Number of protein chains: 2
Amino acid sequence: MGESITLAVSTVIFALRPHPESQHPVLWLPLVRRVRSPHKGLWALPGGPLGTTEDLAASARRNLHETTQLTPRYLEQLYAFGRPDRSHDQTMPDDRTVSIVYWALVHADVASAGVESDNVRWFPADDVPDLAFDHNQIIEYALWRLRNKMEYSRIAAALLGETFTLSELREVHEVVLERTLDPANFRRQIEATGQVVATDEFRTGRRHRPARLYRHNHSIELADNGPLTGR
Amino acid sequence: MGESITLAVSTVIFALRPHPESQHPVLWLPLVRRVRSPHKGLWALPGGPLGTTEDLAASARRNLHETTQLTPRYLEQLYAFGRPDRSHDQTMPDDRTVSIVYWALVHADVASAGVESDNVRWFPADDVPDLAFDHNQIIEYALWRLRNKMEYSRIAAALLGETFTLSELREVHEVVLERTLDPANFRRQIEATGQVVATDEFRTGRRHRPARLYRHNHSIELADNGPLTGR
DNA sequence: CCAAAAGTGTTCATGGTACACCCATGG
DNA sequence: CCATGGGTGTACCATGAACACTTTTGG
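First, a word on what this report is: a plain description of the structure on this page. Predicted model, so just to flag it, every value in this text is computed and none were measured.

## Regarding the interface of chain B and chain A
Each partner contributes to the interface: chain B provides 32 residues, whereas chain A provides 31 residues. Both faces considered, chain B and chain A share a buried interface measuring about 3,000 Å² in area, 65% of it formed by carbon and sulfur atoms. Linking chain B to chain A there are zero salt bridges. Counting across the interface, chain B meets chain A through eight residue pairs in polar contact (both at pLDDT 80 or more). Of all elements in the fold, only β1 (4–18), β5 (74–81), β6 (95–105) and α3 (135–152) of chain B reach the threshold of two or more residues within the side of chain B that touches chain A. Partitioning the side of chain B that touches chain A into residue classes produces 15 nonpolar, eight polar and nine charged.

Next up, the structure:
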């Protein structure tokens, strides 16, 4: 019969944005509304078919930019999902989609908020609606990987701006890991790894002692992906 | 033009076998000879196109069995490789293959040695010839993952039989990690994790004190793959 | 008795955790 | 002067590395 396998690339995109009430930063991710069957009308991860001459990561990057107008600070392949029934469509029972999923970290400044529309919306990562296909589980896995890497790499850098205080860096860790960290110990651990470089500037204007600003040490990789380097 | 993307599943299969001279176990992996262009005649990872109704892991499992007559003790997705030029064939310049690669651990008993043929041969993992496509790099990455997981999981269990001495378990770690481990500390670390259960049998016949036999604690997962469980 | 590996005990360095305490600023 | 977070000091504990030492077998 007309059986066929479609290869698609989707991306779980994370950014930090202030919580609407508390103003504390929390994890958000953009979703797109499906405009065709199956699961028409449901929210889903941004993605689409792989271009015939396009690299996998390039496809993720392109789609990410089309959806959010942003360039990822960090991009990594997450997993290939291919259960035969995961994209089942009763109108096309013999069709099937294998999705190669990437996950990305972006720096969501105010400008990116403007690209929201009826078909693109950011959701808090801990309050995502019921999504199309197996996308809820994919997001769970992406969150697990993000939390894992947060503990032994410097990917937090990808969620912050050029300079930042150690409190801000610690807050990123705390938000992602969902637990508080001792400020004193966190400071020493970060300093010991050499992943940040002190500047001679300070964040003032708060009603407490000014905090020194740091910048990332770009000579240290964001994360260790073994023999793979953007393949 | 006639551009098309083929989706294939390949597997890096590891087993322990005695070194031809020293008789000490070393890592081996089976390769198959390509019988058609491109790279006809070169050795390559076992694999093939994904069946239209076949799960990704099932495809890896099927191919593994066809190649080695074995069932994997451990099977995990490694990575999806999709550079547009990775499978370039000058006779079919517009064709392209995306490979989803798994890696597996098997227990290679004597029976499996019989399936070698002109087109299937086992090679020592540290002495693999120049392979088709990017398969040498894929093996490097699989080895990196294997070594990583060996340090924080109990996948070594998948390379041993039902019962084993702690020396044998330690030898597996040493061979994979390519360094010696202190027997006393190794014993305590393994015992502390509860990943092995002492039996009341001993390995005798060696010219030294008999060593107690242990068995795996099946209530502990071989490795933690997060929210993914054979998806 | 000897060689060799099994198995136990002990010391030391390291890294993380908890927490007391002082510092500098805005209000 | 006080509340608040910035920043330093230190004690404690768990873990792992190094290594001395005893035990039990085959030859």
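Structure's up, so let's keep going.
## Thoughts on the protein's contact with DNA strand D
With respect to spatial proximity, 21 residues lie near DNA strand D, and among them S167(A), R187(A), H208(A), N185(B) and R209(B) are the closest. Per the 4 Å cut-off to the protein, sugar and phosphate atoms form 59% of the nearby atoms of DNA strand D. One nitrogen or oxygen atom from the side chain of R188(B) is found 3.3 Å from a base nitrogen belonging to DNA strand D. Here H208(B) contributes a backbone N or O atom positioned 3.3 Å from a base oxygen of DNA strand D. Mapped onto the surface near DNA strand D, the elements with two or more residues apiece are α4 (166–177), α5 (183–193) and β10 (211–216) of chain A together with α5 (183–193) of chain B. Broken down by element, the residue count for the surface near DNA strand D peaks at four residues, all from α5(B).

## Focus on helix α1 (residues 56–68) of chain B
Residue and element names in this part refer to chain B. Under the 1.5 Å per step criterion, the end-to-end length of α1 is 18 Å for 13 residues, consistent within 8% with the ideal 18 Å. Of the residues making up α1, those classed as buried are L56, A57, S59, A60, N63, L64, T67 and T68. The arc enclosing the buried residues of α1, seen along the axis, measures out at 155°, which places them on a common side. Positive backbone phi, approximately 65°, marks Q69, located one or two places after α1.

## A few points about the sheet that holds strand β9 (residues 196–203) of chain B
Backbone-to-backbone hydrogen bonds pair the strands of a sheet. The strands run either parallel or antiparallel. Residue and element names in this part refer to chain B. Read across the open sheet, the three strands follow the order β8-β10-β9; overall the sheet is antiparallel. If you trace the sheet from one side to the other, it starts and ends with β8 (163–165) and β9, each paired once. Averaged over all neighbouring strand pairs, the angle between strand axes comes to 40°, with direction disregarded. Here three bridges tie β8 to strand β10 (residues 211–216), and the two strands are oriented antiparallel to one another. Note on β10: the bridge partner recorded for T165 is L213. On the sheet, helix α4 (residues 166–177) packs against β8, β9 and β10 and is oriented at approximately 85° with respect to β8.

## So, the side chain of E76(B)
Looking at the element boundaries, E76(B) is found in strand β5. A polar contact is formed between the side chain of E76(B) and the side chain of Y74(B), at a distance of 2.3 Å.

## Quick look at the sheet that holds strand β8 (residues 163–165) of chain A
Residue and element names in this part refer to chain A. Within the open sheet, the three strands sit side by side as β8-β10-β9. Their pairing is antiparallel. Among the strands making up the open sheet, the edge pair consists of β8 and β9 (196–203). Between one strand axis and the next, the sheet turns through 40° on average, direction left out of account. One ladder, built from five bridges, connects β9 with β10; its direction is antiparallel. Within the sheet, the bridge partner assigned to R203 lies in β10 and is A211. Lying on the sheet, α4 is in contact with β8, β9 and β10; it crosses β8 at an angle near 85°.

## Considering the relation of the copies chain B and chain A
The second copy of the chain is related to the first by a rotation about an axis and a shift along the axis. Under the fitted operation, chain B is carried onto chain A by 0.0 Å of movement along the axis and a turn of 180°, and the coordinates agree to an RMSD of 0.0 Å. Viewed as a symmetry operation, the transformation between the two copies matches a two-fold axis.

## So, the environment of D134(A)
All names here are of chain A. Within the element layout of this structure, D134 appears in the loop between β7 (120–124) and α3 (135–152). Given a relative accessible area of 8%, D134 falls into the buried group. Between the alpha carbons of D134 and E54 there is a distance of 25 Å; along the sequence they are 80 residues apart. D134 has contacts with F81 and R86, leaving out every residue within four places of it along the chain.

## Thoughts on the environment of S99(A)
Residue and element names in this part refer to chain A. Inspection of the secondary structure puts S99 in strand β6 (residues 95–105). Under the relative-accessibility criterion, S99 is labelled buried at 5%. Between the alpha carbons of S99 and F81 there is a distance of 5.2 Å; along the sequence they are 18 residues apart. Setting aside residues up to four positions removed in sequence, S99 forms contacts with A8, Y79, A80, F81 and R86. Within the structure, S99 has its side chain in polar contact with the side chain of R86 (distance 3.2 Å).

Cut-offs and rules
Residues numbered from 1 in each chain as written. Chains lettered and ligands numbered in written order. Predicted model: local features only at pLDDT ≥ 70, side-chain atom pairs only at ≥ 80, totals over all residues. Heavy atoms only, no water. Contact = heavy atoms within 4.5 Å. Buried area = accessible area lost by both parts, 1.4 Å probe. Salt bridge = Lys/Arg side-chain N within 4 Å of Asp/Glu carboxyl O. Polar contact = N/O pair within 3.5 Å; in protein donor to acceptor, adjacent residues only side chain to side chain. Helix = DSSP H or I, 4+ residues; strand = E, 2+ residues; numbered from the N terminus. Nonpolar A, V, L, I, M, F, W, Y, C, P; charged D, E, K, R; others polar. Near = heavy atom within 4 Å. Expected span 1.5 Å × (residues − 1). Buried < 20%, exposed > 50% of the residue type's maximum accessible area, 1.4 Å probe, protein only. Arc of directions from axis to C-beta. Pairing = 2+ DSSP bridges. Axes fitted to C-alpha atoms, helices over the stretch in contact; angles between N-to-C directions. Least-squares fit on C-alpha atoms with pLDDT ≥ 70 in both.

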